[in-house]
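What follows is the residue order along each chain.
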Amino acid sequence: KAKKSRSSRSSRAGLLFPVSRVERQLRSGHFAERFGARAPVYLAAVLQWVTHKAMDMAGKISKKSKQQRISPSHLQMAVQKSSVLKQLLRGGVPGRHGRAVPQSQRVASPSKKKMTKSKKR
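Once a new chain begins, its residue numbering starts again from 1 and follows that chain's sequence as written. Note on the predicted model: pLDDT of at least 70 is required for a residue's local features to be given, and 80 or more for side-chain atom pairs to be given and counted; whole-chain, interface and lining totals, by contrast, use all residues. As a rule here, side-chain values cover all heavy atoms of the structure and leave hydrogens and water aside.

> Describe the pattern of salt bridges, naming the residues involved and giving the relevant values.
In what follows, salt bridge is the name for a side-chain nitrogen of Lys or Arg lying within 4 Å of a carboxyl oxygen of Asp or Glu. The final tally for this structure, using the stated rule, is three salt bridges. Here Arg-9 makes a salt bridge to Glu-23, at a shortest N to O gap of 2.3 Å. You can see Arg-9 sitting in helix 1 (residues 9-13) and its partner Glu-23 sitting in helix 2 (residues 19-29), a full 14 residues away along the chain. With relative accessibility at 16%, the residue Glu-23 sits in the buried group. A salt bridge links Glu-23 to Arg-27, with the nearest nitrogen and oxygen atoms 3.0 Å apart. Put simply, DSSP marks the helices as runs of H or I at least four residues long and the strands as runs of E at least two long, and each gets a number from the N terminus on. Type-normalised accessible area, obtained with a 1.4 Å probe on protein chains alone, sets the label of each residue: buried when under 20%, exposed when over 50%, and partly exposed for intermediate values.

Quick look at the structure:
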């Protein structure tokens, strides 16, 4: 019998961020009773993308200012310049533009049949 070589979920997904650690934080945070097996992989990928975008822009800003290190002010300027990062870190969801109404705002109107039955009694 040939033994399978062990590989982490991060390496299988091609990520640098730790999928197992993200899953542990999801479970300990009590965000939901259950979540799918792919949820921590997706979340780790999103976190990696956001970090990469912010650090890349901050690196470009630090090069423009002729400095070799990224300072907190460079990160802050990078977030201010990027509309996507600004909206994400403010707490919004980018790219929706009013296409769908969130479920919390939907209001069910009472049906007319039920109204007529209650009036008869």
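> Explain the nonpolar core to me, and be specific about the residues and the numbers.
For the purposes of this section, nonpolar cores are sets of buried Ala, Val, Leu, Ile, Met, Phe, Trp, Tyr and Cys residues that join through side-chain atoms within 4.5 Å. By size, the foremost hydrophobic cluster in this structure holds five residues: Leu-15, Val-19, Val-22, Leu-26 and Ala-44. Ranked by residues supplied to this core, first place goes to helix 2 with three residues. What Val-22 contacts, discounting residues up to four positions off in sequence, is Pro-40, Leu-43, Ala-44 and Leu-47. The contact criterion used is simple: two residues touch if any of their non-hydrogen atoms lie within 4.5 Å.

> Hey, could you go over the side chain of Ser-10 for me, with residue numbers and the actual values?
Relative to the helices and strands, Ser-10 is located in helix 1. Ser-10 sits in the buried class, given a relative accessible area of 11%. N or O atoms within 3.5 Å of each other form a polar contact, as long as, within protein, one can give a hydrogen and the other can take it, and as long as residues adjacent in sequence are counted only when both atoms are side-chain atoms. Within polar-contact distance, the side chain of Ser-10 engages the backbone nitrogen of Val-19 at 2.9 Å. Not counting the four nearest positions on each side in its chain, Ser-10 is found in contact with Leu-15, Phe-17, Pro-18 and Val-19.

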